[in-house]
Structure formats: C-alpha cells, structure tokens
Amino acid sequence: MSEEFLRAFAREKLAALEGESLLRTLADTQRLAAGRVRRDARELLSFCCNDYLGLSHHPDVIEASRLATQEHGAGAGGSRLVSGNNPLYARLEETLARIKGTEDAVVFGSGYLANIGVIPVLAGRKDLILMDELCHACLFAGATLARSRIIHFGHKDTSELASLLERHRDEYRHCLVLTDGVFSMDGDRAPVAELFEICERHDAWLLTDDAHGLGVIEDGRGSSIVGGHAVPVPLQMGTLSKAVGAYGGYLCTSHDVADLMRNRARSLQYTTGLPPGTLAAATKALEVIETDHQRVNTPLAHARRFAQVIGLPRPESPIVPILVGDAAPTLKASQRLEQRGFLVVAIRPPTVPEGTARLRCTFSASHTKEDVERFSAAVTEVLEAA
Ligand SMILES: *Cc1c(COP(=O)(O)O)cnc(C)c1O
C-alpha cells in the first residue's frame, strides 16, 4: 500500500512539472569528437557542452587516462585518507596550485563535493555567509550545510555587499563571501578585485567558484586574474569537469587551509578517491592548458564573434545566454534548433530565476569558424520565427 502512495506521489509531482513545461528528461546522447553528438541516430553540432577546450577527446589526455588505468586499476579502492591517496594526486594538486598561483591545492571528488565540503569547515552557526543571488546551486548547498546566517546580495552589487558588511559583520565570528567567478548561466564575470578589496576591509574571506573560468579566460588562469594582475583571493575553488574535460573539483589556497580541508572536509574524508585514470587525464589536460594558448583563447573568440552577429553584448566568457523569458517558447526554440542540426538546451527555472528561461550557448575550441557561422545563421532564423 505505501509503495502505491509513493508512486502516486512521484506521478503527481511529475505531472505538475510537465504542466509548467518544467519536466526534465535524460536524452541518450553520445558525445563524438569535434563538438558533435549523436542523438536518436542523428548527428548534431553541440553548443551546450562545458568541454570548452575539447580536452575530453584530446589524444594525449585519453592516452594518459588509459595508461593510469592500466597501471593503477579502474577505481581508487577507498577514501583518500584511508587507501585511496594515489601518488597521482600530488602531481595534479601541484599543477593546479601552479596555474592558480597559490601555495597549495586540494582535489575533491567533484566541484559540488568541494563546495559542500569546504564551506562548512570555514563557517558554522556563529558565522555569516554573504552570497551573490546568482551563485551556483552547490554554493547554496554548502552554505546551507554550514548552518550559518545566510544573506544574499544583488547580482554583482558590491555596494550592497559593503553595506551588509558594515551593518552585520560585528555580530558574527567569521564571515565568508561567496561568488561564481564566471556566472554559469549568464557568462558574466564577478567584480573579483572589488569583492576582494571589500572583504579585506571588513575582515571577510572571499571564496570564488571558477568552474567556468579555468582554462578559458585570462590565458586559462581564470577569474582571479584582473587586468593582467592576480587578485590574491584566499579561496579559489573550481572543477576539473568543464574546460579540463575530466572530472573532480578543487580548492586552491594556502598550505594551512589545504591541510585543514584534508583533516576536516567531510566530502573529502567520507567518500572514495577519484579513479586513477581521471587524475591522470586531469593532470594532462591542465598541462595542455598551460602550453596551448591558441586552444585556450579560441572559445571566447568564437563567443564574441557569435554575439556580434546576433547583436548581443560582448561576452566575457564562452557562455552566451539568449534570454527568451517563459519556459514553453524557450523549449520550442531549442527544438527548432535541434531540427536544424544544433543542440542547445533550454535552461528553465529553478536553474534560473522565474521568467528568465534562456538558451545557454557555449562555445568550444572544438568548433570551427564555419561551425560558428552556421550556428549564428540558424539562431537568427529561429529567433526571427519566434
Ligand atoms: C558545474 C559547476 C559546479 C559543479 O562542478 P562539478 O564538478 O560538475 O560537480 C560548481 N560550480 C559551478 C559554478 C558550476 O558551474
């Protein structure tokens, strides 16, 4: 009987989502090289993948993964702290710290696991967390787990942040300020230099989530580089699953904070280490990012060309959102693009605020100039038809 109620509960929820054009389905999609995917026996050109540099298909990255798997096995066999701290971690963490210009780095199972692990180590019940209202879902999840007082400030609104700190900082022990470095659904950059300066003035710790910065902006070094200078953000987290093309998350920081995470971050302690093949793939991909500047600079160049043709503002990252508004017409636009051979997913609430459903287009070094031109023409057609 209770099983029946459980099913009915699920069906009712799903029907409600469908009624609002908010139902999600998993579509079998085989990723091919060169920005192509195969879906329902059709080949599509994908403009919604976060593999910005095509490194998931780079022959050297695949070879590094294959060799490590052969040598160390398919899985880690345990938590990093117990039996899973493969020596490949040391090289990966050194490489990350070198690229980010920090003393140390700690690798987690994913970016999500990094945020839900790191934030509760630094903030608790007596502390304050201030976060940009458009922060990624896993920063919200980490802040919620910390059980601190949470206050959101307006998107990139540094004066609101400063006045919140003036008003509330003294009531709390620690204060953590959270922001995406590049906002995942809008593609704009956080004002990292100003945020850092405000945090310094008010004794707050800045954490930037550079999931969409590493490998694609500022010669691949990410969102802490502003006007050619490195802003010494004390907590720089990110993922190995986007431009790096593999899987995993990281925090780049000082030796002391890194050691504290190795001791206290629950999502590092109570979970299995990454597969050796993944560690080797990520390390090799980061080495490509350090040396192949042409590849690193291509996604943003494509995004800028596309935005110019469509008549959108000049992008600051390879993410270009086309705001449609309601969920239903956004889905329709996405379907029309798919009919023309392009894959662009409709991003709907709750991933983005109500009334701001959008086509989120991302550009990759795997795309050719001609791919981008054909895509621009198709988008123009679809938008005109809408
Ligand atoms: C994708 C993403 C994450 C999560 O990273 P995973 O490694 O995929 O778990 C975190 N933050 C932002 C801003 C992201 O876009």
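Details of the structure are given in the entry above.
Residues numbered from 1 in each chain as written. Predicted model: local features only at pLDDT ≥ 70, side-chain atom pairs only at ≥ 80, totals over all residues. Heavy atoms only, no water.

**Student:** How should I be thinking about the packing of helix H4 (residues 88–100) against helix H11 (residues 276–291) in this particular structure?
**Tutor:** Helix-helix packing is described using two parameters, namely the angle between the two axes and the distance between the axes. Contact geometry of H4 with H11 gives a least axis separation of 9 Å together with a crossing angle of 30°. In terms of their interaxial angle, H4 and H11 are classed as roughly parallel. When the axes of H4 and H11 are compared, the crossing they make is left-handed. Residue-level inspection shows Leu88, Tyr89, Arg91, Leu92, Thr95, Leu96, Arg98 and Ile99 of H4 in contact with H11, the latter providing Pro276, Leu279, Ala280, Ala282, Thr283, Leu286, Glu287 and Glu290. Split into classes, the residues belonging to the contact of H4 with H11 amount to 10 nonpolar, two polar and four charged. (Axes fitted to C-alpha atoms, helices over the stretch in contact; angles between N-to-C directions. Helix = DSSP H or I, 4+ residues; strand = E, 2+ residues; numbered from the N terminus. Parallel < 35°, antiparallel > 145°, perpendicular 65-115°, else oblique. Left-handed = near helix turned anticlockwise from the far one by under 90°. Contact = heavy atoms within 4.5 Å. Nonpolar A, V, L, I, M, F, W, Y, C, P; charged D, E, K, R; others polar.)

**Student:** Just checking my understanding: could you explain the site of the ligand for this structure?
**Tutor:** Around the ligand sit 14 residues, and of these Gly111, Asp209, His212, Thr239 and Lys242 come closest. One nitrogen or oxygen atom from the main chain of Gly111 is found 2.8 Å from an oxygen atom belonging to the ligand. The protein chains hide 87% of the 380 Å² of surface that the ligand would expose on its own. (Near = heavy atom within 4 Å. Polar contact = N/O pair within 3.5 Å; in protein donor to acceptor, adjacent residues only side chain to side chain. Areas by Shrake-Rupley, 256 points an atom, 1.4 Å probe, with all protein chains shown as cover.)

**Student:** Would you take a moment to explain empty space enclosed by the protein for this structure?
**Tutor:** Rolled over the atoms, a probe with the dimensions of a water molecule shows which regions are left empty. One pass over the structure, following the stated rule, counts two cavities of 30 Å³ or more. Of the pockets and cavities examined, the largest cavity occupies roughly 40 Å³. In terms of lining, the largest cavity is formed by Arg80, Tyr89, Val107, Phe108, Gly109, Ser267, Leu268, Thr271, Thr272, Gly273 and Leu274. The set of elements that each furnish at least two residues to the lining of the largest cavity consists of strand S4 (104–108) and helix H10 (266–269). (1 Å grid on protein atoms, 1.4 Å probe; cavity = no way out; pocket = protein on both sides within 12 Å on 5 of 7 lines; lining within 4 Å. Points joined across faces, edges and corners; volume = space filled by probe spheres on them.)

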